[in-house]
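Topology and contacts: notes
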Amino acid sequence: MARSGLFSLFALLVLILLSPPSLAVEPDEMLDDPALEARARDLSQTLRCVVCQNQSIDDSNAPLAHDLRVLLRERLKAGDTDEAAIDFIVARYGNFVLLKPPMQVNTLPLWFGPAAIFLIALIGFGLLIRRRASAPVQPDALTQAERDELQSILEKGRAS
Amino acid sequence: MVGEIGLFALIVAFTLALTQSIIPLVGAHYGDSRFMRCGSAVALGQLGFIALAFAALTSSFVNSDFSIRNVAENSNSAMPLIYKIAATWGNHEGSMVLWVLILAVFGAAVAIFGTNLPESLKARALSVQGMIGAGFLAFILFTSNPFIRLDPAPVDGQDLNPLLQDIGLAIHPPFLYLGYVGFSMAFSFSVAALIEGRVDAAWARWVRPWVLAAWCFLTIGITLGSFWAYYELGWGGWWFWDPVENASFMPWLAGTALLHSALVVERRQTLVNWTILLGILTFSLSLIGTFLVRSGILTSVHSFALDPSRGIFVLGLLAVTSGGALALYAYRAPSLKQGTPFAAVSRESSLVLNNVLLISAAATVFLGTFYPLVIEAMSDDKISVGPPFYNLTFVPMMIPLLVVIAVGPMLKWKRDTLRSAVRKLTYAGAIAGVGVLAILIATFGAHVLAALALGLALWIVAGSLAILAHRTRLGQVPFRKSLDLARATPRAVYGLIFAHAGLGIAVAGITAMTAWQNEVLEALPVGGKLDLSGYEVTLKSVTTPNGPNFEAERATFEVTDNGDYVTTLFTERRFYPVRRTQTTEAGIYTNVLANIYLAIGKKNDAGEWTVRAYYHPLAPWIWFGPIIMALGGFISLSDRRFRVGAPRRAAAAPALVPAE
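Reference entry: report on the structure contained in this document. (Residues numbered from 1 in each chain as written. Chains lettered and ligands numbered in written order. Predicted model: local features only at pLDDT ≥ 70, side-chain atom pairs only at ≥ 80, totals over all residues. Heavy atoms only, no water.)

1. Considerations on unusual backbone geometry
All names here are of chain B. Applicable threshold: Comment: elements are numbered from the N terminus, with helices defined as DSSP H or I runs of at least four residues and strands as E runs of at least two. Throughout this description, buried means an accessible area under 20% of the type-specific maximum (1.4 Å probe, protein chains only), exposed means over 50%, and partly exposed covers the range between.
Cis rather than trans, the peptide bond between Asp151 and Pro152 has omega equal to 0°. Unusually for a residue other than glycine, Ser64 sits at a positive phi of about 50°. Tracing the sequence through the fold places Ser64 in the loop between helix H2 (33-62) and helix H3 (69-74). Relative accessible area serves as the criterion here: at 16%, Ser64 is assigned to the buried category.

In structure tokens:
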């Protein structure tokens, strides 16, 4: 597995280096049916070009992205629903190809983490506000030494 | 010879940094002012030697000394001079030298401008600064020596990565590092304050301008990076939620929070503990960013595991720096003085809410950036976290922030009522409401979300201007009196207005670009035309001029509007033979309200060229907005209140670094 993975990565690198890269979606890839093409464009923005760094296949000019774009359009032309077309590609490339990670057991912390963090922060905010609002009105004021020091700092600053 | 001088200078700087981390700290502990004063001299010496090393490296690049491996791998004799200079930091080793150079600049700034600081606080801060410097200089010397020689030396170099051969990206790293590394000041002073065991208004007054300056530079750095992606990658994207971008965005979010909480410490001597913690966290996020970008972990967790020497070193530095500081925090923070009380509705509480939202947002970006690495390391599964994830998590968190950002500045310190704050925003609310309605009517209700988002943008901009209207009592007193009041308004308030309004402008740009951009993709022969949002775009010619180190296909387009000439645009596809890499130079026309963006692709068998044409409404605002925000920061820095703690020159000094 590891070796074939490395090899295909190497082969892809060679492909990228040797073939003149094209620029993302090409006119000759586009489907004649505008509705179908629009669906293809939307879907391809959620699919990752797996050899690129966080680029969708819609934006990438890598040959692999081209292949995936063509594959996706073939599936749509064959009458697949959006889900079926995506499933078809995920079955071959794994979850890695999805820019929107799937909701499953090992991604629960990812999906619910932000809301949990926000909630905890909000509760902390509420507690702090309650404590601060009920705190004694006058805490210990500056000591004379501190006041003198502050004064001298202020004066020095004014002088410079 | 120059290379050896550079290496020697780095070694001397390393020993000086070690001295700086120990002597002043010991001096502060025993109250010995000779020991404490030594810190300043050593900090200046350290800067001198790092500057010498940096100059040696730059001169090796400028003179194309290919016997130095780093130069041979990242430069080429045919490259224009500007990119030879930029290549100095366009590689791992050189960028780390720039990193420590900027760190040393900040250290020297403490030494020079810190004359009015309490002696022991200054000594301790310098000492912490020295420790960070020593760690990173050791990193350079032991894992990333930029001066390693090659024998025999190659005839010519392997060229700088062509994507980096661009003016925007040449000046991007210095700005980014001024921001990243600038937050080290917040860190050093936080740790020093923890050792001292006391934090007061003078502390905040000293730290805040440095945080503000670092924040301004980071804002500019990120904006430059985003703009570069827009015009260089050839399809008009400007933010990708890529881990490398997130690496700079996390410290920015935390730094923005720090900026606001330091304000509370300065004005009300409360939130002290939290601000110290934020100071530590913000710089830790900068270090994490450095780790992400420099360790190679992003390409793959497994490739990182194969050659981990650099990554482990940075990770170790991170563990010692952040871990040590956090442990010290846990030990000392409870003994810090508790602050003055404030009511649930007050300026203080609005600033705490700002922190709650910004830190949650930073944590979300952190989760999205690191979660795929965790999954990959712990199982055979591999996932990607892309824009759809952030649209569902980060964006909803930003919306409450955009709503309250206009309200916060209207609240009084200590105690206020929501009603009186909202009353000051009546006009801003009305303007936003009318804006939403107008957009809904103009688009026949087809873009409700976009209309609401633009309404938010209007709300922020109008709400920011309302601060000035309120302060000058516009309409309530004769206009002449209002002008006098405007003149008497401190610059810090203008800074606030600019910074907040800038965010509103950016929100407008992002919204319009997302909702209404138009793309036309066609294969055109020379002389062919396409229609783009009412403009007619004609491909006039394609030539093949050669640059100094690249071959190009250069297309000339003419843009007309109903037959009236608008502009001529040039767009290039460049091929760099040394690296066998292709880049795109987009042709962009802007009238401030929209961009016309053209790029050419390859030629097909019928002799037609792929032409990618975009109409990007309000796109320029995406970058104008942040630049206005940074401008607001600089205006605030020029406020005379700051001169008490840090002279005005202090803010300008770091800006001189990129010119070196």
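2. Observations concerning the sheet that holds strand S1 (residues 518-524) of chain B
All names here are of chain B. Selection criterion: When DSSP finds two or more bridges between two strands, those strands count as paired. Convention adopted: a line fitted to C-alpha atoms gives each axis, helices being fitted over their contacting stretch, and angles between N-to-C directions are expressed from 0 to 180 degrees. Contacts are residue-level and defined by heavy atoms, with any inter-residue pair within 4.5 Å sufficient.
A sheet is described by the order of its strands in space; here 4 strands give the open sequence S1-S9-S8-S7, paired in antiparallel fashion. Only two strands of the sheet have a single neighbouring strand rather than two, namely S1 and strand S7 (587-590). Each strand axis lies, on average, 15° off the axis of its neighbour in the sheet, ignoring direction. Judged from the 7 bridges that link them, S1 and strand S9 (residues 609-617) form a sheet pairing that is antiparallel. Among the inter-strand pairings, Leu524 is bridged to a residue of S9, identified as Trp609. This element, helix H19 (residues 491-516), spans S1 and S9 of the sheet and lies at about 135° to S9.

3. Points about the environment of Leu367 of chain B
With respect to the element layout, Leu367 of chain B can be found in helix H13 (residues 347-378). Distance from Leu367 of chain B to Met36 of chain B, taken between C-alpha atoms, is 42 Å for residues 331 residues apart in sequence. The contacts of Leu367 of chain B, once residues within four sequence positions are left out, are Pro109, Leu110, Gly113 and Pro114 of chain A together with Pro372 of chain B.

4. Some thoughts on the interface of chain A and chain B
Counted only if it meets this: Here, a salt bridge means any side-chain nitrogen of Lys or Arg that lies within 4 Å of a carboxyl oxygen of Asp or Glu. Nitrogen and oxygen atoms within 3.5 Å of one another constitute a polar contact, given that in protein one can donate a hydrogen and the other can accept it, and given that sequence-neighbouring residues count only through two side-chain atoms. Gly falls in the polar group here, along with every residue not listed as nonpolar (Ala, Val, Leu, Ile, Met, Phe, Trp, Tyr, Cys, Pro) or charged (Asp, Glu, Lys, Arg).
Tallying the contact residues gives 56 residues for chain A and 65 residues for chain B. For the pair chain A and chain B, the number of links is 2 salt bridges. The tally of links from chain A across to chain B stands at 7 residue pairs in polar contact (both at pLDDT 80 or more). Looking at the side of chain A that touches chain B, the elements with two or more residues in it are helix H1 (2-18), helix H5 (108-134) and helix H6 (144-159) of chain A. The element contributing the most residues to the side of chain A that touches chain B is H5 of chain A, with 15 residues. Taken together, the residues that form the side of chain A that touches chain B break down as 33 nonpolar, 11 polar and 12 charged.

5. Quick word on the sheet that holds strand S6 (residues 581-585) of chain B
Residues and elements named next belong to chain B. Strand order in this open sheet of 5 strands is S2-S3-S4-S5-S6, and the pairing throughout is antiparallel. Bordering the open sheet on either side are strand S2 (529-532) and S6, each of which pairs with just one other strand. Across this sheet, the average inter-strand angle for adjacent strands is 25°, counted without regard to direction. When strand S3 (residues 535-543) meets strand S4 (residues 551-561), the two strands line up antiparallel, connected through 8 bridges. Among the inter-strand pairings, Val537 is bridged to a residue of S4, identified as Val559.

6. Considerations on the pattern of salt bridges
All names here are of chain B. Counting across every chain of the model gives 21 salt bridges over all chains. Glu119 is paired through a salt bridge with Arg37; the nearest N and O atoms lie 3.9 Å apart. Here Glu119 is found in helix H6 (residues 119-143), whereas its partner Arg37 is found in helix H2, with 82 residues between them in sequence. Among the salt bridges present, the one from Arg487 reaches Asp484, with a minimum N-O distance of 3.5 Å. Taken together, the residues Arg487 and Asp484, both in helix H18 (residues 479-488) and 3 residues apart, mark about one turn of the helix.

7. A short note on the pairing of S6 of chain B
Residues and elements named next belong to chain B. Looking at chain direction, strand S5 (residues 564-576) and S6 are connected through 5 bridges and run antiparallel. Bridged to Tyr576 within S6 is Thr581. Connecting S5 to the next strand, S6, in antiparallel fashion are 4 residues, including Arg580 with a positive phi near 50°.

8. Quick notes on the side chain of Ser322 of chain B
Residues and elements named next belong to chain B. In this structure, Ser322 sits in helix H12 (residues 309-332). Look at Ser322 and you get buried, because its relative accessible area is 10%. With near-sequence residues (within four places) excluded, Ser322 lies in contact with Ser284 and Leu287.

9. Comments concerning the packing of helix H10 (residues 272-295) of chain B against H12 of chain B
In a pair of packed helices, the angle between the axes and the distance between the axes together describe the arrangement. Residues and elements named next belong to chain B. Threshold: An angle below 35 degrees is treated as roughly parallel, one above 145 as roughly antiparallel, one from 65 to 115 as roughly perpendicular, and anything else as oblique.
Viewed as axis vectors pointing N to C, H10 and H12 meet at an angle of 175°, and their least axial separation amounts to 9 Å. Taken together, the axes of H10 and H12 lie roughly antiparallel to each other. Facing H10, whose interface residues are Asn273, Trp274, Ile276, Leu277, Ile280, Ser284, Leu287, Ile288, Phe291 and Ser295, H12 presents Gly311, Val314, Leu315, Leu318, Thr321, Ser322, Ala325, Leu326 and Tyr329.

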